[in-house]
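Coordinate analysis (summary)
Residue-level listing of the chains:
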Protein chains: 2
Amino acid sequence: MRVDFSEAVNELKNADDILILCHRNPDGDTLGSGFALLRALKSMGKRARLSCDDKIPSKFSYLYEGVENEDFEEKFIVSVDVAERKLLGERYNELYGERVDLSFDHHGTARLFAKKTYCESESASACEILFGVIEALGVEIDNKIADCLYTGMSTDTGCFRYSNVTPRTHRIAAELIEKGADHTGINIKMFETKSMNSIMLEKLCLQSLEFYAEGRVAVITVTKDMLESCNCDKSDLDAIKPITRQIEGVEIGLTVKQEDNGKTGISVRTSENYDASLICAHFGGGGHARAAGCEMKCTPEEAKNKTVAFILESLL
Amino acid sequence: MRVDFSEAVNELKNADDILILCHRNPDGDTLGSGFALLRALKSMGKRARLSCDDKIPSKFSYLYEGVENEDFEEKFIVSVDVAERKLLGERYNELYGERVDLSFDHHGTARLFAKKTYCESESASACEILFGVIEALGVEIDNKIADCLYTGMSTDTGCFRYSNVTPRTHRIAAELIEKGADHTGINIKMFETKSMNSIMLEKLCLQSLEFYAEGRVAVITVTKDMLESCNCDKSDLDAIKPITRQIEGVEIGLTVKQEDNGKTGISVRTSENYDASLICAHFGGGGHARAAGCEMKCTPEEAKNKTVAFILESLL
């Protein structure tokens, strides 16, 4: 069930012993909004902890600095930036998928898996929503909460670069900087630093780059061997996914990734002429208009061929 | 002489037949503030034109779309984003260097070469200043002026990434988007587009990447063959030079480039622990503390070995 802003805030006000869930492959927005909410709830005297099915990448450690993750039996479960149950991760979907009380989300494709969902699809990030939520909870946003919220706003917009940015996005960023967000340090960590492993991965990915339809479609293929040989994990692919679409003339960029259990994931990025979420919906996935994803039970080569064939036949 | 904001605005109000000068190697900020001012002055019924000693790169053509550059004898000269006379360019410094009536600048190092200078060094860009100036002139900021101002604000801050961004920067960006700035299109043009040639060059450069001193020194080597095979020229190397230093743990990044006539150029980028200009000075070159260059009469392999040897022996 969808609820309005004040009902969502009231749910939180009345809750205690709260478990906050982030999505699998956690990024700056799910972690930023999750830890901002965790800090806010704790400052209200509530018991709360945050959990994620996947390991939190070390570059995000500043988000939880000084926060104790308490152990207790959860009475209320809230998810942040989780568009559908299965994005909780395989284990967590099984454990918590039917038990989420409240979901905060900003995806247009949000499935209403929680008992109550507050979704603002015009928000560039979940953190943009949580900024309002935390203010409505009556919590003073300190520099640590500001760091968390700024992180999600910056990472989900490519540092205020993408079309999801609105005047409100900039105005909230202004307030967060005033409240002490270390915007410069966060942006250096998120955007200007590449690990040696990830640069080696980039090298291999560029070697796999292929073009179709006179350069309007570009594909990067990433196998498990490639990831392992660079000592990289799935989170390192976030930096790879935008590459294809950034090439002049490319309208649809695909990153094909070999998953476990004989599956292959496809990440799709598009120019404004094509809808990435429609391409992925054809294969049972979803997402945003400019960035979406889907998964297939086949080899990377087969998944690539299917996706490219669909694009060539139906779109170009 | 330094003047305050209202005096600078009054100078413009009282002026006519105005020549606006940008700095040489024009970038998004000098052009964005120049064309925003040009459009504003014309909408006030004044005669004005913009000029630059160097050619305006074609990617900025949207800034002057629909603007007629009138021919007249200038009675008033205003420079934008020009920190010192010689940055007008060699010819323009000679022609106009002593005749500039009013300068708008945001550089802490601004030299007061104009009769009157209005400088806000806390502004992230000249466009941030011109936003206030144009409002104070009583001109309604339309979507074209908004495009111009957004361009300089975005390019001079690395798209709101650098430490020069303040809350005001974000608030003005919000207003410009409301006034119709095509922020998404501008950012794609300025930041998100790589030519297919330059991405192929990046691939080859990453293949050449080597590390020394446990990853504290990284080297990319670019031969003439590599540039030719990608149909690239020297200007495409601007995107390559920062790569080495952005790798986690790298303190000194070298880009070794084969030149004509048996020469090799070395571009050095350093973290704040090392001075790039000192490394280059040892080989007869120079530059800034974080970015410098030098040239040697030898093969790329020899130049690389000499430079790495000097760094290992003298610095690390």
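Residues numbered from 1 in each chain as written. Chains lettered and ligands numbered in written order. Predicted model: local features only at pLDDT ≥ 70, side-chain atom pairs only at ≥ 80, totals over all residues. Heavy atoms only, no water.

1. Considering the overall build of chain A
What counts, and what does not: Under the DSSP-based scheme used, a helix requires at least four consecutive residues in state H or I and a strand at least two consecutive residues in state E, with every element numbered from the N terminus. Each radius of gyration is computed over the set of C-alpha atoms, and the globule rule expresses the reference value as 2.2 Å times the number of residues to the power 0.38. Residue burial is assigned from relative accessible area. The probe radius is 1.4 Å, only protein chains are included, and a residue is buried under 20% of its type maximum, exposed over 50%, and partly exposed in between. Any two residues having at least one pair of non-hydrogen atoms within 4.5 Å are treated as being in contact.
Along the backbone of chain A there are 12 helices and 11 strands. Taking 316 residues into account, the globule formula puts the C-alpha radius of gyration at 20 Å, and chain A, at 19 Å, falls close to it. Referenced to the eigenvectors of the C-alpha coordinate spread, the extents of chain A come out at roughly 60 × 40 × 35 Å. Residues classed as buried in chain A amount to 58% of the 316 residues present. Contacts in chain A between residues far apart in sequence, at least 24 positions, make up 65% of those at least 6 positions apart.

2. What to know about the packing of helix α2 (residues 28–43) of chain B against helix α5 (residues 143–155) of chain B
All names here are of chain B. Definition in use: The convention used is that axes are lines fitted to C-alpha atoms, helices contributing only their stretch in contact, and that angles between N-to-C directions extend from 0 to 180 degrees. Put simply, angles under 35 degrees are roughly parallel, angles over 145 are roughly antiparallel, angles from 65 to 115 are roughly perpendicular, and the rest are oblique. A crossing counts as left-handed when the near helix is turned anticlockwise from the far one by less than a right angle, and as right-handed when that turn is clockwise. Any residue that is not Ala, Val, Leu, Ile, Met, Phe, Trp, Tyr, Cys, Pro, Asp, Glu, Lys or Arg is counted as polar, Gly included; the first ten are nonpolar and the last four charged.
In contact at an axis separation of 7 Å, α2 and α5 are set at 160° when each is read in the N-to-C sense. With respect to each other, α2 and α5 are oriented roughly antiparallel. Every pair of crossing elements has a handedness; the one defined by α2 and α5 is left-handed. Between α2, through Gly-28, Asp-29, Gly-32, Phe-35, Ala-36, Arg-39 and Ala-40, and α5, the contact on the second element is made entirely by Lys-144, Ile-145, Cys-148, Leu-149, Thr-151, Gly-152 and Thr-155. Residues of the contact of α2 with α5, tallied by class, amount to six nonpolar, five polar and three charged.

3. Comments concerning the sheet that holds strand β3 (residues 76–80) of chain B
All names here are of chain B. As a reminder of what qualifies: Between any two strands, pairing holds if DSSP finds at least two bridges.
If you trace the five strands from one edge of the open sheet to the other, you get β2-β1-β3-β4-β5, paired in parallel fashion. On the outer flanks of this sheet lie β2 (48–51) and β5 (116–119), each paired with one strand and no other. Ignoring strand direction, the axes of neighbouring strands in this sheet form an average angle of 20°. Pairing of strand β4 (residues 102–105) with β5, which is carried by four bridges, proceeds in the parallel orientation. From the neighbouring strand, Leu-102 faces β5, where its bridge partner is Lys-116. Here helix α1 (residues 5–14) sits on the sheet and contacts β3, β4 and β5; the angle it forms with β4, its principal contact strand, is near 130°. Along the sheet face, helix α4 (residues 126–136) touches β3, β4 and β5 and points at about 125° away from the line of β4.

4. Points about the packing of aromatic side chains
Worth spelling out the cut-off: Ring pairs shown here join Phe, Tyr and Trp side chains whose ring centres sit within 6.5 Å, with only the six-membered ring taken for Trp; geometry is labelled stacked below 30 degrees between planes, edge-to-face above 60, and tilted in between. Charges are assigned to positions over rings by a cutoff of 6 Å between ring centre and Lys NZ or Arg CZ, combined with an angular limit of 35 degrees from the ring normal.
Taken as a whole and judged by the stated rule, the model has 13 aromatic pairs over all chains. On the numbers, 6.4 Å between centres and 75° between planes, the contact of Phe104(A) with Tyr118(A) is edge-to-face. With Phe104(A) in strand β4 (residues 102–105) and Tyr118(A) in strand β5 (residues 116–119), this pair connects stretches of sequence that are 14 residues apart. Of the two residues, Phe104(A) and Tyr118(A), neither departs from the other in class, the shared state being buried. When the centroid spacing of 5.9 Å and the interplanar angle of 50° are considered together, the rings of Tyr150(A) and Phe160(A) count as tilted. One end of the pair, Tyr150(A), is in helix α5 (residues 143–156); the other, Phe160(A), is in the loop between α5 and α6 (167–178), with 10 residues separating them in the sequence. By the burial criterion, Tyr150(A) is buried, and Phe160(A) matches it. Ring pairs connect the aromatic residues Tyr150(A), Phe160(A), Tyr150(B) and Phe160(B), which therefore count as one cluster. In this structure, Arg49(A) packs its charged tip against the face of Phe72(A), placed 4.7 Å from the ring centre.

5. Notes on α1(B)
All names here are of chain B. Quick note on the threshold: This arc describes the spread of directions from the helix axis toward the C-beta atoms.
For α1, every residue scored as buried is listed here: Ala-8, Val-9 and Leu-12. Taken around the axis of α1, the buried residues stretch over an arc of 95°, which confines them to a single face. Buried positions along α1 lie against α2, β3, β4, β5 and α4.

6. Structural notes on the interface of chain B and chain A
We count it as follows: Accessible area that two parts lose when put together, evaluated with a 1.4 Å probe and summed over both, is termed the buried area. Salt bridge criterion: a side-chain nitrogen from Lys or Arg within 4 Å of a carboxyl oxygen from Asp or Glu. Side-chain atoms alone can form a polar contact between residues adjacent in sequence; in general such a contact is a pair of N or O atoms within 3.5 Å, and within protein one must be able to donate a hydrogen while the other accepts it.
Between chain B and chain A, the residue contacts involve 37 residues of the former and 38 residues of the latter. Summing both partners gives a buried area of about 3,700 Å² for chain B against chain A, and 61% of it is carried by carbon and sulfur. If you sort the residues of chain B by the area they bury against chain A, Arg161(B), His170(B) and Glu192(B) come out on top, with a joint share of 20%. The salt bridge involving Glu178(A) is made with Arg171(B); its shortest N-O contact spans 2.9 Å. Joining chain B to chain A, the criterion identifies nine residue pairs in polar contact (both at pLDDT 80 or more). The leading source of residues in the side of chain B that touches chain A is helix α6 (residues 167–178) of chain B, at eight residues.

7. So, the sheet that holds β5(A)
All names here are of chain A. What the five strands build is an open sheet, ordered β2-β1-β3-β4-β5; its pairing is parallel. If you trace the sheet from one side to the other, it starts and ends with β2 (48–51) and β5, each paired once. Sheet twist, expressed as the mean angle between neighbouring strand axes with direction ignored, is 20°. Of the strand pairs in this sheet, strand β3 (residues 76–80) and β4 are connected by three bridges, and their pairing is parallel. When the bridges of β4 are listed, Ser-79 appears paired with Ser-103.

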